[in-house]
Amino acid sequence: PVGCFGTLVTDFAVAVIGSSSAIGYLIVVGDTLPEIKAWVVGHSNTIFDSREFWICAVLPIIVPLAYLRHIDSLRFASFCVIGCVVVIVAT
């Protein structure tokens, strides 16, 4: 029995942790996807070489994942993340 205050503190802590991990994912996306694009097709000085483009392009994919009700629904996204980590480590 932590009461109302304990519930608020716990909810706040979960929100901070979730937000910080999402920001971490976006930083990784912004750093690696332009490099992967340059590795695949070369540098071209277009919008596709910008970090901001890739962050905005990935947001519509990441945001709905945050609203899934069951963690079991993330198994396919986790599989994709493992594939991306393999690509990042290989490059």
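We now turn to the structure provided with this report. Model, not experiment: these values are computed from the prediction.

**Description of the overall build of the protein**
Part 1 of the argument: What the protein contains, in helices and strands, is 3 helices and 0 strands.
Part 2 of the argument: Projecting the C-alpha coordinates of the protein onto the three principal axes gives extents of approximately 60 × 25 × 20 Å.
Part 3 of the argument: By residue count, 11% of the 91 residues in the protein fall in the buried class.
Part 4 of the argument: Per element, the accessible surface of the protein, about 7300 Å² overall, is 75% carbon and sulfur.
Part 5 of the argument: Distance from the positive charge centre (4 side chains) to the negative charge centre (6 side chains) of the protein: 8 Å.

**Some details on the environment of T46**
Part 1 of the argument: For T46, the position within the fold is in the loop between α1 (3-41) and α2 (51-66).
Part 2 of the argument: According to the relative accessible area criterion, T46 is partly exposed, its value standing at 37%.
Part 3 of the argument: Within the structure, the side chain of T46 is placed 3.2 Å from the side chain of S44, a separation counted as a polar contact.

**Remarks on the pattern of salt bridges**
Pairing is possible between side chains of opposite charge, provided their charged atoms come close.
Part 1 of the argument: Taken as a whole and assessed by the stated rule, the structure comprises 3 salt bridges.
Part 2 of the argument: Across the salt bridge formed by R51 and D31, the nearest N and O atoms sit 3.3 Å from each other. Note that R51 is positioned in helix α2 and D31 in helix α1, a separation of 20 residues in sequence.
Part 3 of the argument: Overall, the relative accessible area of 37% leaves D31 in the partly exposed class.

**Brief notes about α2**
Part 1 of the argument: Over its 16 residues, α2 runs 22 Å from end to end, which matches the ideal 22 Å to within 8%, given 1.5 Å per residue.
Part 2 of the argument: A bend of about 40° at L59 is the largest found in α2, and the proline P60 appears one to four places after it.

**Things to note about a nonpolar patch on the surface**
Part 1 of the argument: Together, W39, V40 and V41 line one region of the surface with nonpolar side chains, adding up to about 390 Å² of accessible area.
Part 2 of the argument: Of note, V41 is situated in helix α1.
Part 3 of the argument: Residue V41 is classed as exposed on the basis of its relative accessible area, which comes to 62%.

**Brief notes about the packing of α1 against α2**
Part 1 of the argument: Between α1 and α2, the least distance of the axes is 8 Å, while the angle of their chain directions is 120°. Classed by the angle they form, the pair α1 and α2 counts as oblique. With respect to the hand of their crossing, α1 and α2 are arranged in right-handed fashion. Two secondary-structure elements touch here, α1 through L26, I27, V29, G30, D31, L33, P34 and K37 and α2 through R51, W54, I55, V58, L59 and I62.

Calculation criteria
Along every chain, residues carry numbers that run from 1 in the direction the sequence is written. Under the rules for a predicted model, residues below a pLDDT of 70 receive no local features and side-chain atom pairs below 80 are neither given nor counted, while totals for whole chains, interfaces and linings still include all residues. Just so you know, side-chain values use all the structure's heavy atoms and leave hydrogens and water out. Only runs of H or I of at least four residues qualify as helices and only runs of E of at least two qualify as strands under DSSP, and these elements are numbered from the N terminus. Categorising residues by exposure relies on relative accessible area from a 1.4 Å probe, with only protein chains included: less than 20% of the type maximum marks a residue as buried, more than 50% marks it as exposed, and the intermediate range marks it as partly exposed. The Shrake-Rupley method, run with a 1.4 Å probe, gives the accessible areas here. Residue values count only the displayed protein chains as cover. When charges are counted, neither His nor the chain ends are considered; positive counts come from Lys and Arg and negative counts from Asp and Glu. Charge placement uses NZ in Lys and CZ in Arg. For Asp and Glu, CG and CD serve respectively. In protein, a polar contact requires one atom able to donate a hydrogen and another able to accept it; more generally it is a pair of N or O atoms within 3.5 Å, and residues adjacent in sequence count only if both atoms are side-chain atoms. Each salt bridge in this description consists of a side-chain nitrogen of Lys or Arg and a carboxyl oxygen of Asp or Glu lying within 4 Å of one another. For a helix, the expected span equals 1.5 Å multiplied by the number of residues minus one. A residue's bend is simply the angle between two axes: one fitted to the seven residues ending at it, one to the seven starting at it. Patch membership needs two things, relative accessible area over 30% and no salt bridge, and members are linked within 9 Å if like-charged or within 5 Å if nonpolar (Val, Leu, Ile, Met, Phe, Trp, Tyr). Axis definition: a line fitted to C-alpha atoms, limited for helices to the stretch in contact. Angles are taken between N-to-C directions and run from 0 to 180 degrees. Here is the rule for angles: anything less than 35 degrees is roughly parallel, anything more than 145 is roughly antiparallel, 65 through 115 is roughly perpendicular, and the remaining ranges are oblique. When the near helix sits turned anticlockwise from the far one by under a right angle, the crossing is termed left-handed; a clockwise turn instead gives a right-handed crossing. We call two residues contacting when some pair of their heavy atoms lies within 4.5 Å.

Keep in mind these values describe shape, not function.
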